[in-house]
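Understanding the architecture of this molecule
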Amino acid sequence: MKILSAEQIREADQYTIKYEPIVSSELMERAASKCSEWLRKKYDIHYSYQIFCGVGNNGGDGLAIARQLFQKGFDVKVYQVAFSSKKSPDFILNEKRIQDMDIPYKIIKRPSEFPPIKQQKNIVIDTLFGSGLNRPARGLAADMISYLNQESRHTISIDLPSGLFPEDNSENDMDFVIKARHTLTFELPKLALLFPENGPFVGQWHLLPIGLHPRFISEAETNYHFLTLEEIKPLLQKRKKYTHKGSFGHVKIVAGSRGKMGAAILATKAALRSGAGLVTAHIPGCGLESMQTSTPEAMVEENSGTNILQESSVETTGYSLGIGPGIGKDHSTKNFLRALLKNCKSPAVLDADALNIIAEDESCQKLIPALSILTPHPKEFQRIAGEYKGDLEKLQKQKDLARKLNCIVVLKGAHTSICMPDGRIYFNSTGNPGMATGGSGDVLTGLIAGLLAQGYSPENTALIAVFLHGMAGDYAAAEESVESLIASDLIHQFGKVFRNLIDS
Ligand SMILES: NC(=O)C1=CN([C@@H]2O[C@H](COP(=O)(O)OP(=O)(O)OC[C@H]3O[C@@H](n4cnc5c(N)ncnc54)[C@H](OP(=O)(O)O)[C@@H]3O)[C@@H](O)[C@H]2O)[C@@H](O)CC1
Ligand SMILES: Nc1ncnc2c1ncn2[C@@H]1O[C@H](COP(=O)(O)OP(=O)(O)O)[C@@H](O)[C@H]1O
Ligand SMILES: [K+]
């Protein structure tokens, strides 16, 4: 699914109005009815609504939602926050409609007119500004936003939390942005909804399709994509009948040190469960017993180091390498990594301490094979890419790194972003906060190496693995709970994930 800019979304609206064709007020009606349906499904008739409207089309949405809820018997109160006298035509049309219906409607001109916010079974609907915000909120609008953030326990924003710009908030004043519990956004996600730093404002966000013209969307150019099942399913290969373990590649997991053998074991198990034909774990001697006992399906190659990985020759040809979980940063491990990378000619997966080591050693970065997949979490990313001010700058640094190293950079977190060397960026849609638990990144490393071994291209490997990993997290959380989720639960879910994706 594409992520378009506010400018492109405005064009999509206009294109739809012209070529569907549909009048703009009907498109607004459609958007509003998607919202009121969503609300009615979630909150029963005992809930009341206080709807705060600006004077643009976002405010127009608010008025239409108010009318639709009122018609279904809900207790609705509407407030126009009169920060400007320039009402949009569709706002004026909907204002007339609610006035004709005697829906309680007040115009707020100054803070002393802010109404008390009902605390029990009450929803505040925020339709002050949507994608038309063109400067940080000030004056009456800013006061209204602060007041609602202070008084409302349950705010739902329409299209965007008011005060939040759809893309770039680096110059914004975040004190004057609505803090929503849910954001209902139209048709396609906006970039700002995907940034962790905007989480406190956006809350949970939901996409409501409003039938923008598919031709406009398919022809629109963008570097940003939202990764959904629709994109992933066609990429998956089904196993053919006359295949054998040699058909599915050989993974080598290079991982572990004393006290951190768990990382190696998790990555190795994940590689096995990913469908790779063969998996070898290259580990320090101290891990031999635990690896062989816990994971008898894997072969073990002992490094010359007892407690850490140190220089020894490692065969890399014919393997998909997953390097880094739990290896530490000892001086001899650094030398080992350098020699390993020098030797390795095909794309590998680099994670954890492998990334920390290359962050400190620029010359080592040049040794990374082209189209390798790097999987930093935000701290590791910062070590390689340097400081950044906000998530937009972080994204730019991610692009710069992917281009500089000619690698795929997977920046982990909620909505993990996957950046290709040519600058395309995919945001993942699966996963949950339960996955913020030690070892879940190690599982991802094993899964990526395992898919790479099976002949998927590095780009497709990264997309599929990140999506499946998150899906496994969602299944695990559904079966148990977000709180109790541990990394090995993810591996246990791989079976179900593959079954549902490939066989269905
Ligand atoms: N088009 C369609 O078909 C559909 C559109 N839809 C809906 O329309 C929304 C976009 O509507 P929009 O473009 O009218 O902009 P909106 O977000 O209401 O704000 C603009 C108003 O705010 C003002 N303003 C801006 N910044 C300000 C500030 N800091 N402080 C004070 N004022 C400020 C600006 O005034 P001005 O800059 O001219 O002073 C203008 O009056 C979109 O998010 C979606 O909800 C849906 O119905 C689906 C169909
Ligand atoms: N809030 C979240 N929502 C979705 N996925 C998350 C969230 N927090 C973490 N994850 C995922 O969990 C994994 C954590 O990886 P990482 O930080 O490397 O863990 P570790 O180093 O302990 O193995 C990543 O794949 C990340 O995308
Ligand atoms: K809004």
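Because the structure is a prediction, the values reported are computed rather than measured.

The number of helices and strands found in the chain is 18 helices and 17 strands. For a compact globule of 504 residues, the expected C-alpha radius of gyration is about 23 Å, and the chain comes in at 26 Å, within 12% of that figure. Carbon and sulfur atoms make up 51% of the accessible area of the chain, which totals about 21,500 Å². The positive charge centre, built from 56 side chains, and the negative charge centre, built from 56, are 2 Å apart in the chain.

The subject of this paragraph is the side chain of Asn 58. Along the chain, the position of Asn 58 falls in helix H3 (residues 57-71). A relative accessible area of 9% places Asn 58 in the buried class. Beyond its immediate stretch of four places on either side in the chain, Asn 58 contacts Asp 126, Thr 127, Leu 128, Phe 129, Gly 130, Ile 158, Asp 159 and Ser 162.

What follows deals with unusual backbone geometry. Geometrically, the link from Glu 20 to Pro 21 is a cis peptide bond, its omega value of -15° lying close to zero. Its location among the elements puts Pro 21 in the loop between helix H1 (6-19) and helix H2 (24-42). Not every positive phi belongs to a glycine, and Asn 406 is a case in point at roughly 55°. Looking at the secondary structure, you find Asn 406 in the loop between helix H15 (391-405) and strand S15 (408-411).

Before going further, it helps to spend a moment on the side chain of Thr 228. Here Thr 228 is to be found in the loop between strand S8 (224-227) and helix H8 (229-232). Thr 228 has contacts with Met 1, Ser 429 and Phe 467, leaving out every residue within four places of it along the chain.

The next subject is the domain arrangement of the chain. Under the domain assignment, the chain is made up of domain 1 (6-222) and domain 2 (232-503). Measuring from the centre of the C-alpha atoms in domain 1 to the corresponding centre in domain 2 gives 41 Å. Contact residues are listed per partner, giving 8 residues for domain 1 and 7 residues for domain 2. Of the roughly 730 Å² buried between domain 1 and domain 2 on both sides combined, carbon and sulfur atoms contribute 69%. Taken as a group, Leu 194, Phe 195 and Glu 197 account for 57% of the area that domain 1 buries against domain 2, more than any other trio of residues on that side. Counting every contact that joins domain 1 to domain 2 gives 0 salt bridges. Viewed at the interface, domain 2 and domain 1 are joined by 2 residue pairs in polar contact (both at pLDDT 80 or more). Here the residues of the side of domain 1 that touches domain 2 are counted per class, giving 5 nonpolar, no polar and 3 charged.

Attention shifts here to the coordination of the potassium ion (ligand 3). Protein-derived ligands of the potassium ion (ligand 3) are Asn 58 (OD1), Asp 126 (O), Phe 129 (O), Ile 158 (O), Leu 160 (O) and Ser 162 (OG), with the metal-ligand distances lying across 2.5 to 3.0 Å. Classification of the site at the potassium ion (ligand 3) rests on its 6 donor atoms, whose angles at the metal span 65 to 175°, yielding the label irregular. Within one chain, the residues donating to the potassium ion (ligand 3) are spaced in sequence as N-x67-D-x2-F-x28-I-x1-L-x1-S. Placement of the pair is Asp 126 in strand S4 (residues 122-127) and Leu 160 in the loop between strand S5 (155-158) and strand S6 (182-186), with a sequence separation of 34 residues. Residue class for Asp 126 comes out buried when judged on its relative accessible area of 0%.

Surveying the vicinity of ligand 2 reveals 17 residues, the closest of which are Lys 412, Gly 413, Thr 416, Gly 439 and Gly 441. In this structure, an oxygen atom belonging to ligand 2 sits 2.6 Å away from a side-chain N or O atom of Lys 412. A distance of 2.8 Å separates an oxygen atom of ligand 2 from a polar backbone atom of Gly 439. Protein contacts shield 78% of the accessible area of ligand 2, which totals 570 Å² for the unbound molecule. In terms of residues, the shell around ligand 2 owes the most to one element, helix H16 (residues 440-453), which gives 3 residues. Split by residue class, the shell around ligand 2 holds 4 nonpolar, 11 polar and 2 charged.

The next point concerns the site of ligand 1. As a structural note, the neighbourhood of ligand 1 is formed by 22 residues, with Asp 61, Lys 86, Gly 130, Arg 135 and Asp 159 the closest of them. Within the contact set of ligand 1, a nitrogen atom lies 2.7 Å away from a backbone nitrogen or oxygen of Arg 135. Coverage of ligand 1 by the protein amounts to 86% of the 930 Å² it exposes when considered alone. Secondary structure elements with two or more residues in the shell around ligand 1: H2 and H3. Class assignment for the residues of the shell around ligand 1 results in 10 nonpolar, 7 polar and 5 charged.

Reading guide: rules and limits
- Residues numbered from 1 in each chain as written.
- Chains lettered and ligands numbered in written order.
- Predicted model: local features only at pLDDT ≥ 70, side-chain atom pairs only at ≥ 80, totals over all residues.
- Heavy atoms only, no water.
- Helix = DSSP H or I, 4+ residues; strand = E, 2+ residues; numbered from the N terminus.
- Rg over C-alpha atoms; globule rule 2.2 N^0.38 Å.
- Areas by Shrake-Rupley, 256 points an atom, 1.4 Å probe, with all protein chains shown as cover.
- Lys, Arg positive; Asp, Glu negative; His and termini not counted.
- Charge placed at Lys NZ, Arg CZ, Asp CG, Glu CD.
- Buried < 20%, exposed > 50% of the residue type's maximum accessible area, 1.4 Å probe, protein only.
- Contact = heavy atoms within 4.5 Å.
- Domains from an automatic or database assignment.
- Buried area = accessible area lost by both parts, 1.4 Å probe.
- Salt bridge = Lys/Arg side-chain N within 4 Å of Asp/Glu carboxyl O.
- Polar contact = N/O pair within 3.5 Å; in protein donor to acceptor, adjacent residues only side chain to side chain.
- Nonpolar A, V, L, I, M, F, W, Y, C, P; charged D, E, K, R; others polar.
- Donors = N, O, S within 2.8 Å, 3.2 Å for Na, K, Ca; no water.
- Tetrahedral: all angles 85-135°; square planar, octahedral: opposite > 155°, others 65-115°.
- Near = heavy atom within 4 Å.

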